[in-house]
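Examining the three-dimensional arrangement
In case you want the letters, here they are:
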Amino acid sequence: MALNFDKNQDNLVPAIIQDVRTKNVLMLGYMNHEALEQTMKTGKVTFFSRTKNRLWTKGEESGNFLLVEDIQEDCDKDTLLIRVTPEGPTCHLGTDTCWGEDNKITYGFLSDLEGIIASRQKNASGDQSYVASLFEKGINKIAQKVGEEAIEVVIEAKDAHDDRFLNESADLLFHFLILQRARGFSLDRVVDVLEERHKAVT
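Definitions and cut-offs
- Residues numbered from 1 in each chain as written.
- Predicted model: local features only at pLDDT ≥ 70, side-chain atom pairs only at ≥ 80, totals over all residues.
- Heavy atoms only, no water.
- Core = buried A, V, L, I, M, F, W, Y, C linked by side-chain atoms within 4.5 Å.
- Buried < 20%, exposed > 50% of the residue type's maximum accessible area, 1.4 Å probe, protein only.
- Helix = DSSP H or I, 4+ residues; strand = E, 2+ residues; numbered from the N terminus.
- Contact = heavy atoms within 4.5 Å.
- Pairing = 2+ DSSP bridges.
- Axes fitted to C-alpha atoms, helices over the stretch in contact; angles between N-to-C directions.
- Parallel < 35°, antiparallel > 145°, perpendicular 65-115°, else oblique.
- Left-handed = near helix turned anticlockwise from the far one by under 90°.
- Nonpolar A, V, L, I, M, F, W, Y, C, P; charged D, E, K, R; others polar.
- Disulfide = S-S within 2.5 Å.
- pLDDT = per-residue confidence, 0-100.
- Salt bridge = Lys/Arg side-chain N within 4 Å of Asp/Glu carboxyl O.
- Phe/Tyr/Trp six-rings, centres within 6.5 Å; stacked < 30°, edge-to-face > 60°.
- Lys NZ or Arg CZ within 6 Å of the ring centre and 35° of its normal.

1. Observations concerning the nonpolar core
Grouped together as the largest cluster of nonpolar side chains are 17 residues, with contacts concentrated most on Ile 17, Met 31, Val 45, Leu 80 and Ile 82. Counting only elements with at least two residues in this core, the list comes to β1 (13-19), β2 (25-31), α1 (33-42), β5 (66-73) and β6 (80-86). For Leu 80, the contacting residues outside a window of four places in its chain are Met 1, Leu 3, Val 13, Pro 14, Ala 15, Ile 16, Met 31, Leu 36, Ile 71, Gln 72 and Glu 73. In this structure, Val 131, Leu 134, Leu 177 and Leu 179 belong to the second largest nonpolar core, which totals 11 residues.

See the structure below:
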C-alpha cells in the first residue's frame, strides 16, 4: 500500500470507517504512517489523534473497538476506506455512528416498503387500505394471496410477456413482505438465513 502521506502538510490521510455488513459509514478519522501500521498489525483501527497528539486506538477507553476486515486506498492514494466490524457504538456520544444514525442494514425502497406496510397494519383500517384489509382477514388470507401470486409468476415466466412477468413478480414480493410482517419477521431475517447458508458452503 503506497499512500501519499506527504500530500497534506500534517502528513495525515483521512480514513473513512464503514461497517462491513451494513455498509453504513460509521466515522471519519485521520491516520499517519504509524497509525496505519498499527492498524494493520493489531487488526484494530488506530488513528492519529490531533487533539491528543498521539496514536489513538478507537475503543482503548470504551472497549468499543473497530475490528478491521479490509483496507483499501483510493485512486489518488490519499484516502483510506476501512471496512470494520464494530464492537459496540462507534461515536463517543454513544450512538452507532458519528451522525447519530442507527447502524442497521437497509435495502433501499424495500425497507421503505416494509415501513409502509407496518404503518398500514398499525394505523389504517380495512376500508382505507388494501394492506390493512389483508391484516384484518388474517394470516390464512395473506398466505393464500402469496400462493396465488407465486402461481401467476410461474405462468408468466413461461410466456414471452416481460411486463406481465415483472408485474407479477412485484405482486409476489409485495405480498411476501406483508406475510413476513404478519408472522412478525422482517427482510433482515431472511437475508440472515441466506448468509448462513452461504457461509456453510464456502
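2. Things to note about the environment of Leu 172
Its location among the elements puts Leu 172 in helix α5 (residues 162-182). Counting along the chain gives 162 residues from Leu 172 to Asp 10, while the straight-line C-alpha distance between them is 56 Å. Once residues within four sequence positions are removed from consideration, Leu 172 is found in contact with Val 146, Glu 149, Ala 150 and Val 153.

3. A look at the sheet that holds β1
Here four strands make up an open sheet; going across it, the order is β2-β1-β6-β5 and the pairing mixed. Either end of the sheet is taken by a strand with one partner, and the two such strands are β2 and β5. Sheet twist, expressed as the mean angle between neighbouring strand axes with direction ignored, is 25°. Where β1 and β6 come together, five bridges link them in parallel fashion. Bridge assignment links Ile 16 to a residue of β6, and that residue is Leu 81.

4. Quick notes on the packing of helix α3 (residues 130-137) against α5
For the pair α3 and α5, the least separation of the axes is 11 Å and the interaxial angle reads 45°. The orientation of α3 with respect to α5, classified from their angle, is oblique. Seen from above, α3 lies across α5 with right-handed handedness. Contacts between α3 and α5 involve Tyr 130, Val 131, Leu 134 and Phe 135 from the first element and Phe 174, His 175, Ile 178, Arg 181 and Ala 182 from the second. A per-class count over the contact of α3 with α5 returns seven nonpolar, one polar and one charged.

5. So, the state of the cysteines
For the structure shown, the criterion picks out zero disulfides. As a non-bridged cysteine, Cys 98 has Cys 91 as the owner of its nearest cysteine sulfur, 4.2 Å distant.

6. Section: the confidence of the model for the protein chain
Model confidence for the protein chain is summarised by a mean pLDDT of 95, while 100% of its residues fall at 70 or above. At the level of individual helices and strands, the protein chain shows its lowest average pLDDT in helix α6 (residues 187-201), which scores 93, and its highest in β6, which scores 98.

7. Focus: the pattern of salt bridges
Two side chains carrying opposite charge are able to pair once their charged atoms lie near each other. Taken as a whole and assessed by the stated rule, the structure comprises nine salt bridges. A salt bridge links Glu 149 to Lys 145, with the shortest nitrogen-to-oxygen separation between them at 3.7 Å. Of this pair, Glu 149 and Lys 145 both sit in helix α4 (residues 139-157), four residues apart, which is roughly one turn of that helix. The same class applies to Glu 149 and to Lys 145, which are both buried. Note that Lys 199 and Glu 196 form a salt bridge whose closest N and O atoms lie 3.7 Å from each other. Here Lys 199 pairs with Glu 196, and both are found in helix α6, just three residues apart, close to one helical turn. Three or more residues are tied together by salt bridges with common partners; here these are Arg 21, Asp 192 and Glu 195.

8. A few points about the packing of aromatic side chains
Summed over all chains, the structure comprises one aromatic pair. Between Lys 44 and the ring centre of Phe 65, over which it is positioned, the NZ or CZ distance is 3.9 Å.

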